[in-house]
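Geometric and topological summary
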Amino acid sequence: MIVRLRVSGRVQGVAYRAWTERQATSLGLSGWVRNRRDGSVEAVLCGAEDAVLEMIRRCHRGPPLARVAEVRQGIEDVAPEPGFHQLPTA
């Protein structure tokens, strides 16, 4: 399963990307996470369906200092490279 997420709210400056990388790695997911100039965080998650769904659930909470307002989900049809990485702001 491959999905693309856009997470909005107070999600930058609260270690959301580092938290996402740790969580995704612990679930065995591949993909990436990056900040967007509009203040949101974008991520692509790839892996077993149950692991991806668990990561989406976790993204609704985020790290302790985050205040997630919305998580938008879309289908991604290009598999990312193996491993999980932080990318530069887009």
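Structure: see above.
In this text the structure is predicted, and so the values were computed from the model without any measurement. (Residues numbered from 1 in each chain as written. Predicted model: local features only at pLDDT ≥ 70, side-chain atom pairs only at ≥ 80, totals over all residues. Heavy atoms only, no water.)

The phi torsion at Ala-15 lies on the positive side, around 65°, for a residue other than glycine. By the element assignment, Ala-15 lies in the loop between strand S1 (2-10) and helix H1 (16-26). On the basis of relative accessible area, Ala-15 is assigned to the partly exposed category, the value being 48%. (Helix = DSSP H or I, 4+ residues; strand = E, 2+ residues; numbered from the N terminus. Buried < 20%, exposed > 50% of the residue type's maximum accessible area, 1.4 Å probe, protein only.)

We now examine the nonpolar core. Residues Leu-5, Val-7, Tyr-16, Leu-29, Leu-45 and Met-55 are the most contacted members of the largest nonpolar core, which totals 21 residues. Secondary structure elements with two or more residues in this core: S1, H1, strand S3 (41-46) and helix H2 (49-61). Looking at which element gives the most residues to this core, the answer is H2, with 5 residues. When sequence neighbours within four positions are dropped, the list of residues in contact with Val-7 reads Tyr-16, Ser-40, Val-41, Cys-59, Val-68, Glu-70 and Val-71. (Core = buried A, V, L, I, M, F, W, Y, C linked by side-chain atoms within 4.5 Å. Contact = heavy atoms within 4.5 Å.)

Looking now at the sheet that holds S3. Within the open sheet, the 5 strands sit side by side as S4-S1-S3-S2-S5. Their pairing is mixed. Edge positions in the open sheet fall to strand S4 (67-75) and strand S5 (84-86), since each of these has one partner strand only. Across the sheet, the mean angle from the axis of one strand to that of its neighbour is 15°, orientation sign disregarded. Pairing geometry for strand S2 (residues 30-35) and S3, over 6 bridges, is antiparallel. If you follow Arg-34 over to S3, its bridge partner there is Glu-42. Contacts from H1 reach S1, S2, S3, S4 and S5, with the element oriented near 175° to S5. Against the sheet, H2 contacts S1, S3 and S4, and its axis sits at roughly 150° relative to S4. (Pairing = 2+ DSSP bridges. Axes fitted to C-alpha atoms, helices over the stretch in contact; angles between N-to-C directions.)

This next bit is on the side chain of Asn-35. You can see Asn-35 is positioned in strand S2. On the basis of relative accessible area, Asn-35 is assigned to the buried category, the value being 12%. Ignoring any residue separated from it by four or fewer positions in sequence, one finds Asn-35 in contact with Gln-12, Arg-17, Ser-40, Val-41, Pro-88, Thr-89 and Ala-90.

With that out of the way, let us pick up the environment of Arg-10. Structurally, Arg-10 is set in strand S1. Here Arg-10 falls in the partly exposed class, since its relative accessible area comes to 43%. C-alpha of Arg-10 to C-alpha of Val-52: the two residues are 42 residues apart in sequence and 22 Å apart in space. Apart from residues lying up to four places away in sequence, Arg-10 is in contact with Leu-65, Ala-66 and Arg-67.

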